[in-house]
Amino acid sequence: MDKKRQLGTTDLQVAPLVLGGTVFGWTISEPDSFKVLDAFTGSGFNFIDTADVYSRWKTGNSGGESETILGNWVKKRSNRSEVLIGTKVGSDMGDGKNGLTKKYILQAAEDSLRRLQTDYIDLYQTHFDDLSTPVEATLEAYDALIKAGKVRWIGTSNMSKDRIRESVTTAKQRDLPLYRSLQPEYNLYARKQYEVEYERLCVEESLGVIPYFSLASGFLTGKYRTEADFSKSARGGGMKKYMDDRGMAILATMDSVAARHQTDLAAVAIAWLLARPSLTAPIASATSVEQLAALMKATRLELSKDDVAELDRASDWKQAPVAG
């Protein structure tokens, strides 16, 4: 993969698609996760994103399953220097393990490093904010980890614009690490929050942007057209919120664009994200090698200006287009 993009002001060169590790140990087994990881890196892609909490919500899991599978794969393949690993801290891990205090972050990082079977994390990210902890204390923890060589860069996700600005200001004033990336929810359907609250900030502060829910939990693949389709996957129950006039108009437009390029809707959704200048690389998960191939294909799809404009109009959150 020769079209690598720099992640903010770091020296991390990221291929234009990030593999989401949410599914490892949740909807796919360790052997199937290995197959997806092999196919992803075998095609020249290099960044895998996970979190300590993945997938605590599954019955029988306690959190850390995704990191453990990824760590087992890296150890078996002996390829740590060839991949970038991003993980997160700040979600509730149970037994009082949550938040962003300095003490907790330092311990959580050690737990993640152990599960990942590595000496360092390329991108360590605040998963959810902890308003009871001053941003300075959180940044001091990250500073200690960076100075110890256990973390290269830090990023954030699900943090308000005001808290990000406060963190940036504090970091500059106290000579503490700056956040170098943001993981926002962003896709053809969920556009408003990023475009209104975050995009300008990301450009001004040179934050790399690696959006999650790039396919709106699968809605933008087009496989959910009616409520009868909800049973097609574990995420099907969350599709109803997308199935309004605007959602149907987006799918109809994507159908037209996909037909012109003789491709599928997932490729169109990813290619639209890649066409937005402020974004670095979208995150997408795959439960099979076949599904992954469709996602990787998106990075080779060049949408025309007319294609992008058509998709922009259909997904414009300022108005409610009608399907048809």
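The structure displayed is predicted, hence computed values, not measured ones.

Parameters and conventions
- Residues numbered from 1 in each chain as written.
- Predicted model: local features only at pLDDT ≥ 70, side-chain atom pairs only at ≥ 80, totals over all residues.
- Heavy atoms only, no water.
- Helix = DSSP H or I, 4+ residues; strand = E, 2+ residues; numbered from the N terminus.
- Rg over C-alpha atoms; globule rule 2.2 N^0.38 Å.
- Buried < 20%, exposed > 50% of the residue type's maximum accessible area, 1.4 Å probe, protein only.
- Contact = heavy atoms within 4.5 Å.
- Pairing = 2+ DSSP bridges.
- Core = buried A, V, L, I, M, F, W, Y, C linked by side-chain atoms within 4.5 Å.

Novice: Looking at this structure, how should I read the overall build of the protein chain?
Specialist: When helices and strands are counted, the protein chain shows ten helices and ten strands. A globule of 324 residues ought to have a C-alpha radius of gyration of about 20 Å, and the protein chain, at 19 Å, matches this closely. Seen through its C-alpha atoms, the protein chain measures out along the principal axes to roughly 55 × 45 × 40 Å. A burial count over the protein chain gives 56% of its 324 residues as buried. Excluding contacts between residues fewer than 6 apart, the proportion of contacts in the protein chain whose partners are at least 24 apart in sequence is 76%.

Novice: Just checking my understanding: could you explain the sheet that holds strand 9 (residues 208-209) for this structure?
Specialist: As a general point, the strands of a sheet are linked pairwise by backbone hydrogen bonds and lie either parallel or antiparallel. The strand order across the open sheet formed by eight strands is 9-8-7-6-5-4-3-10, and the pairing between neighbours is parallel. What marks the edges here is a single partner per strand, and that holds for strand 9 and strand 10 (283-284). Relative to strand 5 (residues 84-89), strand 4 (residues 47-49) is paired through three bridges, and the arrangement is parallel. Considered in strand 5, the bridge of I48 is made with I85.

Novice: Help me out: how do you make sense of the nonpolar core in this one?
Specialist: A general tendency of soluble globular proteins is for nonpolar side chains to be buried together. Within the largest apolar cluster, 89 residues are counted, with the highest numbers of intra-cluster contacts made by I48, Y124, Y142 and M254. In terms of residues, this core owes the most to one element, helix 8 (residues 265-274), which gives ten residues. Not counting the four nearest positions on each side in its chain, Y124 is found in contact with T87, K88, V89, I105, A108, A109, Y142, L145, V151, W153, I154 and G155. Listed in part, the eleven residues of the second largest apolar core include L12, V14, V18 and F47.

Novice: Even after reading the chapter, I still don't get unusual backbone geometry, so can you show me in this structure?
Specialist: The phi torsion of most residues other than glycine is negative, and most of the peptide bonds are trans. Cis geometry marks the peptide bond from Y54 to S55, where omega comes out at -5 degrees. Mapping S55 onto the fold places it in the loop between strand 4 and helix 2 (65-77). The phi angle at N158 is positive, at roughly 55 degrees, despite the residue not being glycine. By secondary structure assignment, the location of N158 is in the loop between strand 7 (151-157) and helix 5 (161-174).

Novice: Explain the side chain of T253 here, please?
Specialist: With respect to the helices, strands and loops of the structure, T253 is situated in helix 7 (residues 245-261). Every residue in contact with T253, bar those within four places of it in the chain, is listed here: E310, L311 and A314.

Interpretation in functional terms is not warranted from these geometric data alone.
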